[in-house]
Amino acid sequence: VPVSRIRNFSIIAHIDHGKSTLADRLLQFTGTVEDRLMKGQFLDNMDLERERGITIKLQAARMKYVAADGETYVLNLIDTPGHVDFSYEVSRSLAACEGALLVVDAAQGVEAQTLANVYLALENNLEIIPVLNKIDLPGADAEACKKEIEDVVGLDTSGAILCSAKEGIGIEDILEAIVARVPAPRDTTKEPFRALIFDSYYDAYRGVIVYFRVMDGEVRVGDTVRFMNSGKEYEIDDLGVMAPNQLPVKALYAGEVGFLSGSIRAVADARVGDTITIAGKRAVTPLPGYEQAVPMVFCGLFPVDADQFPDLRDALEKLQLNDAALKFEPETSSAMGFGFRCGFLGLLHMEIVQERLEREYNLNLIITAPSVVYKVHSADGSVVMVDNPAQLPAAEKRAFIEEPYVRISMITPKDFVGPLMELAQNRRGEFTEMKYITEARCELVYELPLGEVVTDFFDQLKSRTKGYASMEYHLIGYRRNELVRLDLNINGEPCDPLATIVHRDKAYQVGRALTEKLKELIPRQMFKIPIQATIGAKVIASESIAAMRKDVLAKCYGGDISRKKKLLKKQAEGKKRMKSLGKVDVPQEAFMAVLQLE
Ligand code: GDP
Ligand code: MG
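Going by what an unreviewed UniProt entry lists, the chain is known as Translation factor GUF1 homolog, chloroplastic and is assigned to Klebsormidium nitens. Regarding the chain, the UniProt comment filed under Function (unreviewed entry) reads as follows: "Promotes chloroplast protein synthesis. May act as a fidelity factor of the translation reaction, by catalyzing a one-codon backward translocation of tRNAs on improperly translocated ribosomes." The record held by UniProt for the chain lists under Subcellular location (unreviewed entry) the comment "Plastid, Chloroplast".

Here we come to the packing of helix α3 (residues 87–95) against helix α4 (residues 112–123). As a packed pair, α3 and α4 sit with axes 9 Å apart at the nearest point and diverge in direction by 45°. Taken together, the axes of α3 and α4 lie oblique to each other. When the axes of α3 and α4 are compared, the crossing they make is right-handed. Residues Ser87, Val90, Ser91 and Leu94 of α3 touch α4, and the partners they reach there are Asn117, Leu120 and Ala121.

What follows covers the site of ligand 1. Lining the immediate surroundings of ligand 1 are 16 residues, of which Asp16, Lys19, Ser20, Thr21 and Asp136 lie closest. Between an oxygen atom of ligand 1 and a main-chain N or O atom of aspartate 16, the distance comes to 2.7 Å. Note that an oxygen atom of ligand 1 is positioned 2.9 Å from one of the backbone N or O atoms of alanine 165. Taking 570 Å² as the accessible area of ligand 1 by itself, protein coverage stands at 77%. Along the lines of polarity and charge, the residues of the shell around ligand 1 split into three nonpolar, eight polar and five charged.

For the rest of this paragraph, the subject is empty space enclosed by the protein. Over the atoms rolls a probe the size of a water molecule, and its path tells where empty space is left. Scanning the entire structure with this criterion turns up one cavity of 30 Å³ or more. Roughly 50 Å³ of volume is contained in the largest cavity.

Attention now moves to the pattern of salt bridges. Summed over all chains, the structure comprises 30 salt bridges. Taking the shortest distance from any N to any O, the salt bridge between glutamate 520 and lysine 517 comes out at 3.6 Å. Pair noted here: glutamate 520 and lysine 517 are both in helix α12 (residues 507–521), with a separation of three residues, about one helical turn. Accessibility expressed as a relative area gives 59% for glutamate 520, which makes it exposed. The network of salt bridges with common partners includes Glu403, Arg428, Glu452 and Lys506.

The next subject is the nonpolar core. If you look at the biggest cluster of nonpolar residues, it comprises 50 residues, and the most contacted ones within it are Leu316, Leu357 and Met410. In terms of residue count, the dominant contributor to this core is helix α7 (residues 309–321) (five residues). With residues near it in sequence (within four places) discarded, leucine 357 still touches Leu301, Leu312, Ala315, Leu316, Leu319, Asn362, Leu363 and Leu365. Judged by nonpolar contacts, the second largest core, of 37 residues, contains Leu102, Leu120, Ile149 and Ala160.

Considered as a void within the structure, the second largest pocket measures approximately 1000 Å³ in volume. Taken together, 41 residues line the second largest pocket, and the ones lying closest to its centre are His83, Leu348, Glu351, Phe458 and Asp459. Contributions of two or more residues to the lining of the second largest pocket are made by α8 (347–360), α11 (457–464) and β26 (470–481). Its residues assigned to classes, the lining of the second largest pocket comprises 18 nonpolar, 10 polar and 13 charged.

Criteria and cut-off values
- Residues numbered from 1 in each chain as written.
- Chains lettered and ligands numbered in written order.
- Predicted model: local features only at pLDDT ≥ 70, side-chain atom pairs only at ≥ 80, totals over all residues.
- Heavy atoms only, no water.
- UniProt positions renumbered as here; feature names shortened; annotations may be inferred.
- Axes fitted to C-alpha atoms, helices over the stretch in contact; angles between N-to-C directions.
- Helix = DSSP H or I, 4+ residues; strand = E, 2+ residues; numbered from the N terminus.
- Parallel < 35°, antiparallel > 145°, perpendicular 65-115°, else oblique.
- Left-handed = near helix turned anticlockwise from the far one by under 90°.
- Contact = heavy atoms within 4.5 Å.
- Near = heavy atom within 4 Å.
- Polar contact = N/O pair within 3.5 Å; in protein donor to acceptor, adjacent residues only side chain to side chain.
- Areas by Shrake-Rupley, 256 points an atom, 1.4 Å probe, with all protein chains shown as cover.
- Nonpolar A, V, L, I, M, F, W, Y, C, P; charged D, E, K, R; others polar.
- 1 Å grid on protein atoms, 1.4 Å probe; cavity = no way out; pocket = protein on both sides within 12 Å on 5 of 7 lines; lining within 4 Å.
- Points joined across faces, edges and corners; volume = space filled by probe spheres on them.
- Salt bridge = Lys/Arg side-chain N within 4 Å of Asp/Glu carboxyl O.
- Buried < 20%, exposed > 50% of the residue type's maximum accessible area, 1.4 Å probe, protein only.
- Core = buried A, V, L, I, M, F, W, Y, C linked by side-chain atoms within 4.5 Å.

Here is the structure:
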C-alpha cells in the first residue's frame, strides 16, 4: 500500500486498564488472528509476563483494515512494556509511531502510569486518541474520566471513544479514529535508509531478531546493514513483517514496520534505540534518542553450592545475549565465596532475571539485598562509583557520599494521603507538591533517595492504601547526604553480604531492627550465636540466638513416624537455601532482612 495508507500506533495504559485485551480485539476485528486461534492476550507471550500480568517485551503486529472510505489501510500496532524499569524502551517504541491510543479504565480513572506514558507520548509528538475502556462495568463513569484527562493531562477529550474491550464495544470506532486521526508516515523513500530499532530478542537458531521502523529509504534482503551505535555490520538473511506471525518480504520502505535477522550474535549488537543503516552507503546521522543502558540496582548472586559457579556464569552469559541491559562481573566475598555482582535497570528487571536463572537454568542461588550506586568522593577530589556496600571505602578515606534521587508521583484516593505522606517522610522524602485530580483523588509528588524506593516502597504503598494507590518515578540526579556503612557480624565473623548503606540518623534504628530480624530468621544451632551491628569499630546493636536445648531435639526424634518425615522434609527444603557462614547456616531470607524492617 502507499505510505499515505499506513498508520503506526501504540497503546498506552496503566497496568490492568485493558491494553492487552484491546490489542486482542483489534487483531480479531481486522481478521489478523482467526477467532479460533485467539488464545487471549495474544501479545503477551512470555510465561512470566502472563503470570505477572505485565508486558515485558515489546511485540508488533500488522493489521489490514478496510475502512469506511472503502480503502485498505495497513495498521501497525507497536506494543510497549508496561513498567517504569523499561521506560527507555517505551519511549523508543513511541518514537516509531505517529499516534497512540490512551486507554483509561473508566471505572478507575487516570493513574500514575497513565501520566508517565502520556508524557512520553507527548515528548514524541504523537497524536493521542483517548479511549475510555470498561464502560460495561457498573462503576464506569466516562464523563468523570474525561474530565480527569482534561484537567490532569490537558488533552482534548471531545473525540474520546467509549469502549469495552471485553464486550467488543467501540472497536470499529477506534479503528476509524486511527485511520482518520493518526498522521500517515512521511514519504522519505528517496532518502538514504535509516531505521529505528524498537525491540530485539535472541533466537537460538537464527540469532537476534530485530524489530524496526523504517524512517527513511528502503532496505532489501541481502543488504549488509550497519548498526550505528554498536558499529556492528551483518548481512540480512530474513526480512519480513509481523502479520502477526513472521511473514517474509523482499523489501521494506519508509513508514513500514518489520523485522530482520542475519546471524546477529547478541542483542547488545542491535540494541533498542539504535539506528540501522546500509553499510558502505553515504553517511547519515543517527536517529535521536539513543541511550546507553545504565544499571540502577545491583545485587550479589551466589550459588548455594560452590560447584554451580560455572553454571551460573554460563546462564548469565546466555541471558545477556537476550538482554543488553543486564550487567555482571565476578565477585568474591569472604563470607560467600565466588559469585557475581549483577546490575539491573530496576527492581522488576532484577526479579525477572533472578526468576529466569532459577527456573530456566535450575540454579540454586543466594541473592543479596539490592543496592543503588553511590558516588563516593575522596579527599583528593577523585570520585568512585560504589554499587556494593561492602566495598564502600572506610570513613577516613572519604570526603562525602552522594546518592541517586528520584521524583515519585503517587496517585491515591484522598483518604490515604496521610499514610502515604508518612511513608514518604519515613523514607527521607521531600514533599514537592499535591494536586487534586478530582474531589476524591489526588497526586502526591515527592523527591526521595532511590535507595529508599528499592526496598519495599511499592509493597508499603499498596498495603497502606488497600491497593488503591499507584506510583511512578524517574531519576532526577545525585544528592549529598550523611551516609554510613552498617556492618553485621554473625558469630564473631563479619558478614559482608549483609552490609548496608544507611543515613546516619537512621543507623541505630536500622541496626537494632536488623539484628532482631536476623535473630528471628537464623535457625538455632547447638551453640549460642551473637549477632552485632557495627559502624566502623563501634557496636550499635546486638542480639544473640540461644543454643538449641537438648529436649527440643529429643522431641523431634521421639515423635511418630509421619511427623518425623515431615520434619525431615521441611529441613531438606530449608537446606536448599542456606549458606554456611563459618559455623552458622544462614537462610536466604536473612540476606533480604534489610527489606523487611517495617
Ligand atoms: P493490561 O494490563 O492493560 O494489558 O490489561 P489487560 O488487558 O490484561 O486487562 C486487565 C483486566 O481487565 C483483565 O482481567 C481483563 O479481562 C479486564 N478487562 C479488560 N477490558 C475490559 C473491559 O472492557 N471490561 C471489563 N469488565 N473488563 C475488562
Ligand atoms: Mg497486558
